Each structure stands twice: as structure tokens, then as C-alpha cells.
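# Fold and geometry: a report
Below, each chain spelled out in residue letters.
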Amino acid sequence: MRKTTPPAAASKRSREAVAPNPTSLAAAPVHTKLSIRPVCRGDLDAVIEMDAMVTGIHKRDYWNSLYSRYADAVATGHHFLVATAGTEVIGFVIGEVRDWEFGSPPCGWVFAIDVRPDARLLGAATQLLQAICQGFKRAGVNKVRTLLSHENTLILSFFRSQGMMIGPFIPLEMDLDH
Ligand SMILES: CC(C)(COP(=O)(O)OP(=O)(O)OC[C@H]1O[C@@H](n2cnc3c(N)ncnc32)[C@H](O)[C@@H]1OP(=O)(O)O)[C@@H](O)C(=O)NCCC(=O)NCCS
């Protein structure tokens with residue numbers, strides 16, 4: 001996957017997350033290296049909280065169901081990864097390989113990517129996307145796709161920064177209550 005930032009420049013940037021220290025606002029921030037790993041059951045509360053920050057809705061049943069379908073399911077092309085700074089979960093990404101849908105050869109789909117507001121602009125989402133794309137490549141696909149809302153310019157800026165561009169498909173929809 002192409003990234004518009006030259007790798008040399010990107011590597012110069014600080015890629016350390018500042019883990020929040022709720023015990024003392026005066027204490028020096030704790031700088032901790034970011035890690036990416038598969039989700040664990042114990043991460044779900046943090047994931048639900050992060051999603052609720054973006055969407056305004058706590059969807060516990062939805063996330064439990066996603067967890068049971070996506071955790072430990074890499075062999076089936078399902079990926080649910082978290083970014084951690086120390087012991088804190090500060091971001092997540094979910095996606096999977098889908099075969100021959102919409103007439104397309106198998107490709108990777110990213111369904112959701114979120115980073116906690118106090119850990120943004122430190123490269124966490126970049127690392128999450130790179131990690132899930134590695135998983136897609138290991139599954140034998142060479143294309144990644146996503147869908148996003150026209151209004152969400154933040155997520156658009158992020159995906160564009162990673163080299164993603166408009167694809168050959170157009171989304172269509174209609175109301176079913178007429
Ligand atoms: C979009 C999001 C995932 C980015 O996470 P992040 O960890 O801050 O992203 P990164 O630090 O890896 O940033 C990579 C690049 O994205 C772009 N980017 C990220 N945040 C940006 C912002 N606020 N404004 C403009 N560009 C931005 C930049 O080009 C950045 O590269 P640079 O820092 O070298 O300039 C995060 O802001 C987020 O969780 N937003 C809400 C998520 C959401 O709406 N999800 C919808 C459901 S999928």
C-alpha cells in the first residue's frame with residue numbers, strides 16, 4: 001500500500017502514544033511504545049467506549065457478537081486488532097477478506113477504524129491499517145477497500161493519507177418505507 005508521506009519522513013515522526021495518567025494531572029506524561037495485537041475479551045470495554053465516543057451509542061450486544069465472529073478468526077480472513085500503549089487500548093481496526101462480492105475478485109474490506117481522541121496523530125491508525133493490510137496480503141489478496149460517509153472528512157483525510165483513492169464502485173440505496 002502506498003503512503004503519501006515518504007517513509008523516511010514518516011520514520012522521523014514521534015510514534016509514541018501518551019498514555020493518560022488519571023491519578024495526577026501534574027505528573028509527567030507516560031510515553032509508551034505503540035503495539036498492535038489481536039483483540040482479547042478484556043479489551044472489549046475500551047473498544048465499546050471508543051466506538052461510543054464517535055457514534056454516541058454504546059452497542060454492547062453488537063460488539064460482543066463481532067468479538068465472537070472475528071476474534072481468533074484470522075484463518076477465515078477475519079481481523080480484529082487493537083493498538084495498545086502500555087496496558088491501555090487506544091485504538092482498533094476490524095475487517096475481513098470477502099470473496100467475489102459485487103462481482104469483485106477477493107479483496108480486503110476495512111469496516112471500522114478508531115483511535116481514542118487523546119492518542120490521535122501519533123501514528124496508531126497508520127499502524128493498525130498496515131497490520132490489517134499485512135493480514136490481507138497473507139490471505140492472498142492485493143486490494144483493500146472501505147466505505148465512508150461523505151461528511152466524515154477526518155476519516156477521509158486519514159485514508160487518503162494512506163494512499164487510498166476513489167474506487168470503481170458506487171454506493172446505491174433507497175428507503176424501503178414507500
Ligand atoms: C481517523 C483516525 C482513525 C486517525 O487516527 P490517528 O491515529 O490519529 O491517525 P495517524 O496518526 O495514523 O494519522 C495518519 C495520517 O492521517 C491524516 N490525519 C489524521 N488525523 C487528521 C486530522 N485530524 N486532520 C487531517 N489529517 C489527519 C494525516 O495525514 C496523518 O498523517 P500525518 O500525521 O503524517 O500528517 C482518528 O482520527 C479517529 O479515530 N477518528 C474517528 C474515527 C471515525 O470517525 N471512524 C468512523 C467509523 S470507521
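See the structure printed just above.
So, here's what we can say about the structure.

Conventions adopted
Residues numbered from 1 in each chain as written. Predicted model: local features only at pLDDT ≥ 70, side-chain atom pairs only at ≥ 80, totals over all residues. Heavy atoms only, no water. Helix = DSSP H or I, 4+ residues; strand = E, 2+ residues; numbered from the N terminus. Buried < 20%, exposed > 50% of the residue type's maximum accessible area, 1.4 Å probe, protein only. Contact = heavy atoms within 4.5 Å. Core = buried A, V, L, I, M, F, W, Y, C linked by side-chain atoms within 4.5 Å. Phe/Tyr/Trp six-rings, centres within 6.5 Å; stacked < 30°, edge-to-face > 60°. Arc of directions from axis to C-beta.

## Let's talk about the overall build of the chain
When you go through the chain residue by residue, the secondary structure sums to five helices and six strands. Listed by position from the N terminus, the elements making up the chain come as α-β-β-α-α-β-β-β-α-β-α. Each of the 178 residues in the chain was classed as buried or not, and the buried ones make up 38%. Residue pairs at least 24 apart in sequence account for 59% of intrachain contacts in the chain once pairs closer than 6 positions are excluded.

## A few points about the nonpolar core
Ranked by size, the top nonpolar core spans 24 residues in total, and within it Val110, Ile113, Leu129, Ile132 and Phe159 carry the most contacts. Elements that contribute at least two residues to this core include exactly strand 3 (78–85), strand 4 (88–98), strand 5 (107–115), helix 4 (124–138) and helix 5 (153–161). Here this core takes seven residues from helix 4, the largest share from any one element. Every residue in contact with isoleucine 132, bar those within four places of it in the chain, is listed here: His79, Leu81, Val93, Ile94, Gly95 and Val110. Membership of the second largest hydrophobic core comes to 15 residues, among which are Val39, Val47, Tyr67 and Val89.

## Description of the packing of aromatic side chains
Counting across every chain of the model gives seven aromatic pairs. For the ring pair tyrosine 62 and tryptophan 63, a centre distance of 5.1 Å and an interplane angle of 75° mean the geometry is edge-to-face. Centre to centre, the rings of tryptophan 63 and phenylalanine 92 are 5.3 Å apart; their planes meet at 80°, and the pair counts as edge-to-face. Separated by 29 residues along the polypeptide, tryptophan 63 in helix 3 (residues 60–70) and phenylalanine 92 in strand 4 bring together distant segments of the chain. Tryptophan 63 sits in the buried class, given a relative accessible area of 2%.

## Describing helix 3
Of all the positions in helix 3, only Trp63, Leu66, Tyr67 and Tyr70 are classed as buried. One face of helix 3 carries all of its buried residues, which in axial projection span an arc of 105°. Turned more than 90 degrees off the buried face of helix 3, the exposed positions are Asp61 and Ser68. Residues of helix 3 that are buried sit in contact with helix 2 (44–55), strand 3, strand 4 and strand 5. In the stretch just after helix 3, aspartate 72 is the one whose phi turns positive, near 55°.

## A few points about the environment of phenylalanine 158
Considering the arrangement of structural elements, one finds phenylalanine 158 in helix 5. Through-space distance from the C-alpha of phenylalanine 158 to that of leucine 121 is 9.9 Å; in sequence the pair is 37 residues apart.

## Remarks on unusual backbone geometry
Leaving glycine aside, a negative phi is the common case for residues, and trans is the common case for peptide bonds. Located in the positive-phi region is phenylalanine 102, a residue other than glycine, with phi close to 55°. Inspection of the secondary structure assignment puts phenylalanine 102 in the loop between strand 4 and strand 5. The class for phenylalanine 102 is exposed, based on a relative accessible area of 63%. Located in the positive-phi region is leucine 121, a residue other than glycine, with phi close to 60°. Following the sequence through the fold, leucine 121 ends up in the loop between strand 5 and helix 4.

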